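The primary structure of each chain is shown beneath.
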Amino acid sequence: MNSDWQAIRAHYEATGEPLRSVAERFTVPFSTLGKRAVREGWLRAQATAAEGNKNGNKNGNRNKEQEQAQPTNENQRKAQ
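Residues numbered from 1 in each chain as written. Predicted model: local features only at pLDDT ≥ 70, side-chain atom pairs only at ≥ 80, totals over all residues. Heavy atoms only, no water.

This paragraph deals with the overall build of the chain. The helix and strand inventory of the chain stands at 6 helices and 0 strands. Long-range pairs, those at least 24 residues apart, make up 50% of the contacts in the chain between residues at least 6 apart in sequence. Total accessible area computed for the chain in this model is approximately 6300 Å², and 48% of it derives from carbon and sulfur atoms. (Helix = DSSP H or I, 4+ residues; strand = E, 2+ residues; numbered from the N terminus. Contact = heavy atoms within 4.5 Å. Areas by Shrake-Rupley, 256 points an atom, 1.4 Å probe, with all protein chains shown as cover.)

So, about the nonpolar core. In terms of nonpolar packing, the biggest core is built from 9 residues, these being Trp5, Ile8, Tyr12, Val22, Ala23, Val28, Leu33, Ala37 and Trp42. Counting residues per element, the ones that place at least two in this core are helix H1 (5-14), helix H2 (19-25) and helix H3 (30-39). The element best represented in this core is H1, accounting for 3 residues. (Core = buried A, V, L, I, M, F, W, Y, C linked by side-chain atoms within 4.5 Å. Buried < 20%, exposed > 50% of the residue type's maximum accessible area, 1.4 Å probe, protein only.)

Among the residues of H1, those classed as buried are Trp5, Ile8, His11 and Tyr12. Looking straight down H1, one finds that the buried residues subtend no more than 130° of arc, so they occupy a single side. Seen from the buried face of H1, the exposed residues on the opposite side, beyond 90 degrees, are Gln6 and Ala14. (Arc of directions from axis to C-beta.)

Right, let's talk about the pattern of salt bridges for a bit. Oppositely charged side chains are able to pair whenever their charged atoms sit close together. Summed over all chains, the structure comprises 3 salt bridges. For the salt bridge of arginine 9 with glutamate 13, the shortest nitrogen-to-oxygen distance reads 3.2 Å. In this pair, arginine 9 and glutamate 13 both sit in helix H1, 4 residues apart, roughly one turn of the helix. Two residues, arginine 25 and glutamate 17, come together in a salt bridge whose shortest N-O distance is 3.2 Å. (Salt bridge = Lys/Arg side-chain N within 4 Å of Asp/Glu carboxyl O.)

Two numbers describe how H1 lies on H3: the axes approach to 12 Å, and their chain directions differ by 75°. On the basis of the axis angle, H1 is roughly perpendicular to H3. Here H1 contributes Trp5, Ile8 and Tyr12 to the contact with H3, which in turn contributes Thr32, Leu33, Arg36 and Ala37. (Axes fitted to C-alpha atoms, helices over the stretch in contact; angles between N-to-C directions. Parallel < 35°, antiparallel > 145°, perpendicular 65-115°, else oblique.)

Spelled out as structure tokens, the structure:
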């Protein structure tokens with residue numbers, strides 16, 4: 001069986017469809033899909049947006065200027 005892993009990954013990352021449902025849609029074993037997603041670091045759009053919301057950033061993106069503008073306690077100690 002030769003699966004189109006690029007198409008599977010694109011679908012997985014672009015939708016909120018459950019992993020088991022994606023496995024059934026593309027007729028690949030659920031465990032294989034899960035292991036591959038973890039090994040290759042697949043991310044869902046909702047997951048990255050949720051991370052941004054957790055940090056008070058609506059679109060989930062932080063650039064270096066934003067990170068430098070909000071120093072951590074460690075950075076503040078180094079500056080003293």
